[in-house]
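Working through the structure, step by step
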Amino acid sequence: MKIHEKYIKRCIQLAEGGLGTTYPNPLVGSVIVHNNKIIGEGWHRKAGETHAEVNAINSVKDFQLLPESTIYVSLEPCSHFGKTPPCSDLIVERGIKRVVIGTMDPFAKVAGKGIKKLMEAGCEVMVGVLEEECKALNKRFFTFHKKQRPYIILKWAETANGFIAPQYQDQRRPVWITNPYSKQLVHKWRTEEQAILVGTNTAIQDNPKLNSRNYSGNDPIRIVLDQYLKIPADSALYDQSQKTIIVCGKNLNQENTENLEFLEMDFSENIAQTICNQIYQKEIQSVIIEGGRNTLQQFIDAGLWDEARIFIGNSVFKKGIKAPEITGTLYAEEKIISDELKMYRND
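Notes on the structure follow.

About the criteria used
- Residues numbered from 1 in each chain as written.
- Predicted model: local features only at pLDDT ≥ 70, side-chain atom pairs only at ≥ 80, totals over all residues.
- Heavy atoms only, no water.
- Buried < 20%, exposed > 50% of the residue type's maximum accessible area, 1.4 Å probe, protein only.
- Helix = DSSP H or I, 4+ residues; strand = E, 2+ residues; numbered from the N terminus.
- Pairing = 2+ DSSP bridges.
- Salt bridge = Lys/Arg side-chain N within 4 Å of Asp/Glu carboxyl O.
- Contact = heavy atoms within 4.5 Å.
- Core = buried A, V, L, I, M, F, W, Y, C linked by side-chain atoms within 4.5 Å.
- Axes fitted to C-alpha atoms, helices over the stretch in contact; angles between N-to-C directions.

All right, on to the pairing of strand β4 (residues 98-103) then. In terms of burial, β4 is a largely internal element, 5 of the 6 residues being buried. Where strand β3 (residues 70-75) meets β4, 5 bridges bridge the pair, whose relative direction is parallel. Bridging from a neighbouring strand, Thr-70 pairs with Arg-98 of β4.

What follows is the structure in structure tokens.
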């Protein structure tokens, strides 16, 4: 088993290279081993492009070695036609007889069908190597398909004495609590998730861009809660530089464009759950909640969150808006120069 773990661990390392670019597909890595030597490896780089198993097989210099080799893959090979042909068919076609899989795919069109196809073709299949690590790799994908909601990350910064914002601030200008290094880390996180969400007050007071300008990568889909359409039309969120969804109580005949969509929602119900349902229907697998206290607390109170990433700066406000109240399992903490970062899981 240890030798199998070694190669599945390599699959996970490769798969992580696709974080932020494979949506709505999962992160997958694959290696091909012949006589305890890796002769091919690959990962799924971008949705619509070739899958990890295909890239691994294509990287092998001598295809005659494949029937005597073992292919390792972090997630069950697909068995259906999507934008690309089934990977399980290619494995069989190339004569690979041994397949080691990290974990099954929860997606209904796969969900064991890939494994079944391989076994029916005479392949020796092992499933469940470093299974928890492989599931953690695709926590967004698994949450989306098993819980029918996006993977939710809460993020905020608070002062050393527990305030998320001052009592008064100049409108349309953010008040920075953390240092530039923490800010860059947040922009890195934005490239990794599919969407980012804020509420009306944050949008008006801070006039945020919600892009990843301080880190190379994709910009997330911007989701803005604005029940009464109070946000000024000249706000950065209306610049149409990236996909933006304005969630409102009534559309008021606003026109949708390629990068700007108005989405009606009933704000009288459980707002956090209703938002999750709307995001799920949009097939968005992950979202960072960067709203103010009210928006964040609604998700906390509803139990609809998976991670909380909390920065604590060394500044102090005499008066202000208290940070959200949260309970969860602290699983990581680190210093970022003058800031402290605490990471919680919702168990």
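After presenting the structure, the write-up continues.
Summed over all chains, the structure comprises 15 salt bridges. Here Lys-2 makes a salt bridge to Glu-5, at a shortest N to O gap of 3.9 Å. Residue Lys-2 and its partner Glu-5 are both found in helix α1 (residues 2-15); the two are separated by 3 residues, about one turn of the helix. Residue Lys-2 is classed as exposed on the basis of its relative accessible area, which comes to 68%. Residue Glu-5 is classed as partly exposed on the basis of its relative accessible area of 23%. Taking the shortest distance from any N to any O, the salt bridge between Glu-307 and Lys-139 comes out at 2.7 Å. One end of the pair, Glu-307, is in strand β13 (residues 307-312); the other, Lys-139, is in helix α6 (residues 139-147), with 168 residues separating them in the sequence. One network of salt bridges, in which partners are shared, links Lys-139, Glu-307 and Arg-309.

Examined against the element boundaries, Trp-305 turns out to sit in the loop between α10 (293-301) and β13. Linking Trp-305 and Asp-347, residues 42 residues apart in sequence, is a C-alpha distance of 9.7 Å. Not counting residues up to four positions away in its chain, the partners in contact with Trp-305 are Arg-149, Ile-152, Leu-154, Phe-299, Ile-300, Ile-326, Thr-327, Gly-328, Tyr-344, Arg-345 and Asn-346.

Let's shift gears to the nonpolar core. With 33 residues, the main nonpolar core has Ile-152, Leu-154 and Phe-299 as its most contacted residues. Top contributing element to this core by residue count: helix α9 (residues 271-281), with 5 residues. Apart from residues no more than four positions distant in its own chain, Phe-299 is found in contact with Ile-152, Leu-154, Ala-272, Ile-275, Cys-276, Ile-289, Leu-304 and Trp-305. Counting residues in each nonpolar core, the second largest holds 27 residues, with Val-198, Ile-231, Ile-246 and Ile-288 among its members.

A word on the sheet that holds strand β15 (residues 329-336). Strand order in the open sheet made by the 9 strands is β11-β10-β9-β8-β12-β6-β13-β16-β15, with mixed pairing throughout. Edge strands, defined here as strands with exactly one partner in the open sheet, are β11 (260-264) and β15. Taking the axes of each pair of neighbouring strands and ignoring which way they run, one obtains an average angle of 20° across the sheet. Here strand β8 (residues 195-198) pairs with strand β9 (residues 221-225) via 4 bridges, running parallel. Residue pairing in the sheet places Val-198 in a bridge with Val-224 of β9. Of the strands in this sheet, β6 (151-158), β8, β9 and β12 (286-289) touch α10, which is tilted by about 135° from β6.

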